[in-house]
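Here is what each chain is made of, one letter per residue.
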Amino acid sequence: VVKEKNRMGECPVWEEREDALVYVDINSQKVCRWSAATGEVQSVAVDARVGSVALRQCGGYAIALGTRFAFLDWDTQVVTTILELEQDKPNNRFNDGKVDPKGRFFAGTMAEETAPGVRARRQGALYTLFPDLSVIKQLDQVDISNGLDWSLDHRTFFHIDSLAYAVHAFSYDVHTGKIACPRLVYCLEEEEGMPDGMCIDAEGKLWVACIDAGRVIRVDPETGKRIQTVRLPTPRITSCCFGGKDYAEMYVTSAYDGLDDATLAKEPHAGKIFKITGLGVKGIPQNFFAA
């Protein structure tokens with residue numbers, strides 16, 4: 001549905017009030033919005049790599065870029081910094097993020113590669129930005145903080161640290177926003193590649209984007225079993241969300257960064273955004289950051 005290619009398309013969010021898909025291109029340092037009605041893509045350039053975007057209750061967006069949380073006013077294109085973090089880690093940046101059921105923005109960090117395939121280990125963390133604009137650190141020594149979501153009963157938090165090649169669950173206190181007691185939910189098989197973004201459906205099952213494996217997989221967090229695989233026409237599948245009418249469609253982002261010239265020549269769809277229909281399951285609306 002979006003033929004405009006992204007270097008590193010990520011963090012798709014369905015914005016019902018605009019009938020649009022909002023997403024980021026991390027490496028192009030921009031926040032984008034695709035109109036379902038017109039097919040037009042608008043974008044706002046920012047001054048650092050932007051890992052995630054979230055809807056704000058009062059309009060506009062909360063974003064995590066570089067190592068800071070900020071607000072983006074879409075109409076004026078003004079970015080207002082809320083808080084700087086990890087200033088002692090100049091090689092770190094924010095990655096994936098999402099808003100919890102009480103309007104708090106969870107987003108995690110990671111170390112950038114210093115050479116292809118080379119990065120400092122366990123430099124990342126997971127943070128929560130509260131509506132009063134205070135921040136707590138939830139996890140430390142994370143490699144690549146990535147996909148995240150909450151169970152339908154709001155008692156479990158799901159999180160991916162990509163280099164663990166697994167999905168973990170934590171007990172989640174909806175009143176305080178705190179997470180605790182990690183346990184393994186699903187370990188990816190070799191052919192599934194590395195887990196990236198993730199979302200939950202209306203039946204409480206998880207959908208995980210598998211970067212470099214060209215697919216999204218559906219996992220039952222109760223049984224720890226994969227129950228469905230949907231293959232996409234390009235390898236670097238980065239994230240997914242439900243949207244569209246009744247949240248019956250799935251939108252999937254991809255990337256072309258990380259592919260060499262020979263591979264790129266054979267991958268005309270790399271970096272595009274796809275829509276999957278006919279899954280037979282719906283998603284749930286996104287939460288709004290409550291400030």
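Quick notes on the rules
Residues numbered from 1 in each chain as written. Predicted model: local features only at pLDDT ≥ 70, side-chain atom pairs only at ≥ 80, totals over all residues. Heavy atoms only, no water. Core = buried A, V, L, I, M, F, W, Y, C linked by side-chain atoms within 4.5 Å. Buried < 20%, exposed > 50% of the residue type's maximum accessible area, 1.4 Å probe, protein only. Helix = DSSP H or I, 4+ residues; strand = E, 2+ residues; numbered from the N terminus. Contact = heavy atoms within 4.5 Å. Pairing = 2+ DSSP bridges. Axes fitted to C-alpha atoms, helices over the stretch in contact; angles between N-to-C directions. UniProt positions renumbered as here; feature names shortened; annotations may be inferred. Polar contact = N/O pair within 3.5 Å; in protein donor to acceptor, adjacent residues only side chain to side chain. Salt bridge = Lys/Arg side-chain N within 4 Å of Asp/Glu carboxyl O. Disulfide = S-S within 2.5 Å. Phe/Tyr/Trp six-rings, centres within 6.5 Å; stacked < 30°, edge-to-face > 60°. Lys NZ or Arg CZ within 6 Å of the ring centre and 35° of its normal.

Draft legend 1. Layout of the nonpolar core. In terms of nonpolar packing, the biggest core is built from 25 residues, with Trp-207, Val-216, Met-250 and Val-252 touching the most fellow members. It is strand E21 (residues 237-243) that provides the largest number of residues to this core, a total of four residues. Not counting residues up to four positions away in its chain, the partners in contact with Val-216 are Trp-207, Val-208, Ala-209, Gln-228, Thr-229, Val-230, Leu-232, Ile-237, Cys-240, Met-250, Val-252 and Ile-276. Membership of the second largest hydrophobic core comes to 20 residues, among which are Ile-26, Val-31, Val-44 and Leu-55.

Draft legend 2. How the structure looks around the pairing of strand E5 (residues 50-55). Where burial is concerned, most of E5 is hidden: six out of the six residues are buried. Bridge count between E5 and strand E6 (residues 61-65): five bridges; the pairing is antiparallel. Counterpart to Ser-52 in the pairing with E6 is Ala-64. Counting the residues that bridge the hairpin from E5 to E6 gives five residues, and of these Gly-59 lies at a positive phi of roughly 100°.

Draft legend 3. Just unusual backbone geometry, in detail. Although it is not a glycine, Glu-86 adopts a positive phi angle of roughly 50°. The residue Glu-86 is located in the loop between strand E8 (78-84) and strand E9 (92-99) in this model. Overall, the relative accessible area of 10% leaves Glu-86 in the buried class.

Draft legend 4. Local environment of the sheet that holds strand E18 (residues 206-211). Pairing is antiparallel in the open sheet, where four strands are placed in the order E17-E18-E19-E20. Each edge of the open sheet carries a strand with a single partner, namely strand E17 (194-200) and strand E20 (225-231). Direction aside, neighbouring strands of the sheet carry axes that sit 25° apart on average.

Draft legend 5. Structural view of the UniProt feature "binding site: substrate" (unreviewed entry) in the protein chain. Summarizing the sequence annotation, UniProt attributes the feature "binding site: substrate" (unreviewed entry) to Arg-93, Asn-95 and Glu-113 in the numbering used throughout. Taken along the chain, the residues just named run across 21 residues; in space they keep tight, none of their C-alpha pairs more than 13.3 Å apart. In this structure, Asn-95 sits in strand E9. Exposure remark for Asn-95: the relative accessible area of 4% places this residue in the buried category. When residues no more than four places from it in sequence are discounted, the contact partners of Asn-95 are Ile-26, Gly-51, Ser-52, Gly-108, Thr-109, Met-110, Ile-144, Ser-145 and Asn-146.

Draft legend 6. Broad picture of the side chain of Thr-253. Inspection of the secondary structure puts Thr-253 in strand E22 (residues 249-254). In this structure the side chain of Thr-253 is engaged in a polar contact, spanning 2.7 Å, whose partner is the side chain of Thr-238. Leave out the neighbours within four places in its chain, and Thr-253 touches Gly-9, Glu-10, Pro-12, Arg-236, Ile-237, Thr-238, Ser-239, Lys-272 and Ile-273.

Draft legend 7. Summary view of the pattern of salt bridges. Inspection of every chain in the model, using the stated rule, returns 18 salt bridges. With its nearest N and O atoms 3.3 Å apart, the salt bridge here joins Asp-149 to Lys-98. Of this pair, Asp-149 sits in strand E13 (residues 145-150) while Lys-98 sits in strand E9, and the two are 51 residues apart along the sequence. For Asp-149, a relative accessible area of 11% puts it in the buried group. For Lys-98, a relative accessible area of 13% gives the class buried.

Draft legend 8. Summary view of the state of the cysteines. Applying the stated criterion to the full structure yields zero disulfides. No disulfide involves Cys-240; its sulfur sits 3.8 Å from the nearest other cysteine sulfur, which is in Cys-199. When its relative accessible area of 2% is taken as the criterion, Cys-240 is described as buried.

Draft legend 9. Spatial organisation of the UniProt feature "domain: SMP-30/Gluconolactonase/LRE-like region" (unreviewed entry) in the protein chain. Mapped onto the present numbering, the UniProt feature "domain: SMP-30/Gluconolactonase/LRE-like region" (unreviewed entry) falls on residues 8-255. Here residues 8-255 runs as 0% helix and 58% strand, with 4 Å between its end C-alpha atoms.

Draft legend 10. Region of interest: the sheet that holds E9. Read from one edge to the other, the open sheet built from four strands follows the order E9-E10-E11-E12, with strand pairing classed as antiparallel. Each edge of the open sheet is held by one strand with a lone partner, namely E9 and strand E12 (135-142). Between one strand axis and the next, the sheet turns through 20° on average, direction left out of account. The sheet contact formed by strand E11 (residues 124-129) and E12 spans five bridges and is antiparallel. Among the inter-strand pairings, Leu-129 is bridged to a residue of E12, identified as Val-135.

Draft legend 11. Spatial organisation of the packing of aromatic side chains. Following the criterion strictly, the structure yields 14 aromatic pairs and no others. On the basis of an interplanar angle of 70° and a centroid distance of 6.1 Å, the ring pair of Phe-94 and Tyr-127 is categorised as edge-to-face. Placement of Phe-94 in strand E9 and of Tyr-127 in strand E11 is noted, with a sequence separation of 33 residues between them. For the residue pair Phe-94 and Tyr-127, the accessibility class agrees, reading buried in each case. What links up through ring pairs into an aromatic cluster is the set Phe-106, Trp-150, Phe-157, Phe-170 and Tyr-172. A cation over an aromatic ring shows up here: Arg-56 above the ring of Phe-71, its NZ or CZ 3.5 Å from the ring centre.

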